[in-house]
Amino acid sequence: MKKYDYLVVGAGLFGSVFAHEAVKKGKSCLVIDKRNHIGGNIYTEEIEGINVHKYGAHIFHTSDKEIWEYVNQFAEFNQYINSPVAIYKDELYNLPFNMNTFSKMWNIKTPKEAKEIIEAQRKEANISNPQNLEEQALSLAGRDVYEKLIKGYTEKQWGRSCSELPAFIIKRLPFRFTYDNNYFNDRFQGIPMGGYTQIAKKLLEGSDVLLETDYRDFIAKNAGIASKIIYTGMIDEFFDYKFGPLEYRSVRFETEVLDTDNYQGNAVVNYTEREVPYTRIIEHKHFEFGKQEKTVISREYSSEWKVGIEPYYPVNDEKNSKLYAKYKELAENEKNIIFGGRLGMYKYFDMDKVIRAALDVCKTELN
Ligand code: UDP
């Protein structure tokens with residue numbers, strides 16, 4: 001086989017951005033992926049004319065203008081603004097936590113009224129310096145919002161009690177005292193018209209790509225195929241779980257085509273009570289304002305990761321962060337391997353941050 005400058009392991013967003021930049025600089029790249037498609041978890045597949053987010057809803061949002069311009073080179077983005085709805089028993093609320101949520105919860109109208117109720121509930125909980133997700137949520141939105149919209153959802157999603165989870169997970173979401181249902185505070189937001197796969201395809205132009213190719217088998221037969229490796233798989237697996245496995249959450253999707261044009265009236269509906277086994281239902285067509293006769297929905301079930309299923313979310317709590325630090329030290333001693341992306345860096349990354357991290361590596365590596 002030909003020798004390459006880089007072997008990129010994983011055709012997801014991190015690996016694809018790196019390959020694109022490397023090719024631009026005249027380097028040769030071989031990208032391998034164990035799946036039968038490119039794009040990693042941003043992969044979308046057309047079903048009934050609808051772009052289905054096969055690995056969960058991906059909504060692009062960023063405040064980084066450079067990254068927004070970067071990604072717009074590879075697709076035209078629509079005007080989609082994420083405004084999920086939460087269902088708790090027979091009650092329906094707007095997300096993120098804003099005046100629409102508070103007004104429905106307490107039958108009030110003004111920010112002053114909402115603030116007074118939250119303040120009273122915060123006092124009752126007696127929290128001054130929030131140490132975990134539960135305390136953070138109680139302190140930001142009070143007990144009612146926590147009990148109905150946060151506790152059950154979070155415990156389903158993470159399989160841990162809210163008091164054992166880091167506060168940063170809930171700080172991802174806006175809490176605001178305006179009637180604004182935009183789930184993100186970022187300056188730029190949208191969905192690529194025609195799906196995400198085209199982005200990966202364009203990023204990988206000029207690279208050789210091998211699918212259904214497992215790194216271990218491949219490198220055993222092709223040692224020395226490249227001067228350097230960009231590795232975007234699980235960092236603990238790479239080192240044979242030497243210090244023990246890192247924890248991940250996995251997600252399983254039950255996807256259905258329905259013979260109706262509009263099932264739930266919104267792209268994202270969260271089911272926040274503990275008793276409903278799934279966390280949310282995604283109705284994919286609404287990401288692109290689809291007018292198809294049918295619809296495709298995915299129910300999302302969360303579980304602990306184990307060998308043989310897909311890892312999705314790193315569990316960035318204290319225990320795992322310490323363990324990751326040990327793997328990171330090993331990784332830094334691997335002079336010809338760069339670890340990147342959600343699994344290689346063990347980080348709960350949004351897409352814009354993945355692109356930024358990849359471009360940062362490019363800056364040092366390719367100049
Ligand atoms: N969350 C919640 N209730 C909701 C939606 C989110 O409590 O209805 C919390 C939950 O802890 C979740 C976190 O907010 O893990 C982050 O949610 P986000 O929607 O950003 O998660 P992602 O889309 O990355 O799965």
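Conventions we followed
- Residues numbered from 1 in each chain as written.
- Predicted model: local features only at pLDDT ≥ 70, side-chain atom pairs only at ≥ 80, totals over all residues.
- Heavy atoms only, no water.
- Helix = DSSP H or I, 4+ residues; strand = E, 2+ residues; numbered from the N terminus.
- Buried < 20%, exposed > 50% of the residue type's maximum accessible area, 1.4 Å probe, protein only.
- Contact = heavy atoms within 4.5 Å.
- Areas by Shrake-Rupley, 256 points an atom, 1.4 Å probe, with all protein chains shown as cover.
- Lys, Arg positive; Asp, Glu negative; His and termini not counted.
- Charge placed at Lys NZ, Arg CZ, Asp CG, Glu CD.
- Polar contact = N/O pair within 3.5 Å; in protein donor to acceptor, adjacent residues only side chain to side chain.
- Phe/Tyr/Trp six-rings, centres within 6.5 Å; stacked < 30°, edge-to-face > 60°.
- Lys NZ or Arg CZ within 6 Å of the ring centre and 35° of its normal.
- Pairing = 2+ DSSP bridges.
- Right-handed = clockwise from strand over helix to strand, strands pointing away.
- Near = heavy atom within 4 Å.

It is worth spelling out the overall build of the protein chain at this point. For the protein chain, the count of helices and strands is twelve helices and 16 strands. Projected onto its principal axes, the C-alpha positions of the protein chain cover 70 × 50 × 35 Å. The buried share among the 367 residues of the protein chain stands at 56%. Of all intrachain contacts in the protein chain linking residues separated by at least 6 positions in sequence, the fraction that spans at least 24 positions is 72%. For the protein chain, the exposed surface amounts to about 17,000 Å²; the carbon and sulfur share of it is 47%. Of the charged side chains in the protein chain, 50 are positive and 54 negative; the average position of the first set lies 3 Å away from that of the second.

This paragraph deals with the side chain of N182. Mapped onto the elements of the fold, N182 is located in the loop between helix 6 (168-171) and strand 8 (188-190). A distance of 3.0 Å separates the side chain of N182 from the backbone nitrogen of F184, its partner in a polar contact. Of the polar contacts made by the side chain of N182, one reaches the side chain of Q189; its length is 3.0 Å. Residues in contact with N182, not counting those within four places in the same chain, are I81, N82, S83, P96, P174, R176 and Q189.

We now examine the packing of aromatic side chains. The tally for this structure, following the rule as stated, stands at 30 aromatic pairs. Judged by centre distance (5.7 Å) and plane angle (65 degrees), the ring pair of W158 and Y348 falls under edge-to-face. Of this pair, W158 sits in helix 5 (residues 133-158) while Y348 sits in the loop between helix 11 (341-344) and helix 12 (351-366), and the two are 190 residues apart along the sequence. Positioned above the aromatic ring of Y55, the side-chain terminus of R35 is 4.0 Å from the ring centre. A cation sits over an aromatic face here: K104 above Y93, 5.8 Å from the ring centre.

Each regular strand shows side chains that alternate between the opposite faces of the sheet. Along strand 1 (residues 4-9), five of the six residues are buried, which leaves the element largely enclosed by surrounding structure. Sheet topology note: the strand 1/strand 10 (residues 226-231) ladder contains five bridges and is parallel. The partner of V8 across the bridge, within strand 10, is I230. The β-α-β motif built from strand 1, the intervening helix 1 (residues 13-24) and the parallel element strand 2 (residues 29-32) has right-handed crossover chirality.

Another aspect to go through is the site of the ligand. Looking at the ligand, there are 17 residues lining it, with T154, W158, Y183, Y313 and Y348 nearest. One of the side-chain N or O atoms of W158 is found 2.8 Å from an oxygen atom in the ligand. For the ligand, whose accessible area on its own is 520 Å², the fraction buried by protein is 93%. Those elements giving two or more residues to the shell around the ligand turn out to be helix 5 and helix 6. For the shell around the ligand, the element with the most residues is helix 5, which contributes six residues.

A few words now on the environment of P277. Positionally, P277 belongs in the loop between strand 12 (268-271) and strand 13 (280-283). The exposed category is assigned to P277, whose relative accessible area is 55%. For the pair P277 and Y327, spaced 50 residues apart in sequence, the C-alpha to C-alpha distance is 34 Å. Setting aside anything within four residues of it in sequence, one finds P277 in contact with K156 and Y301.

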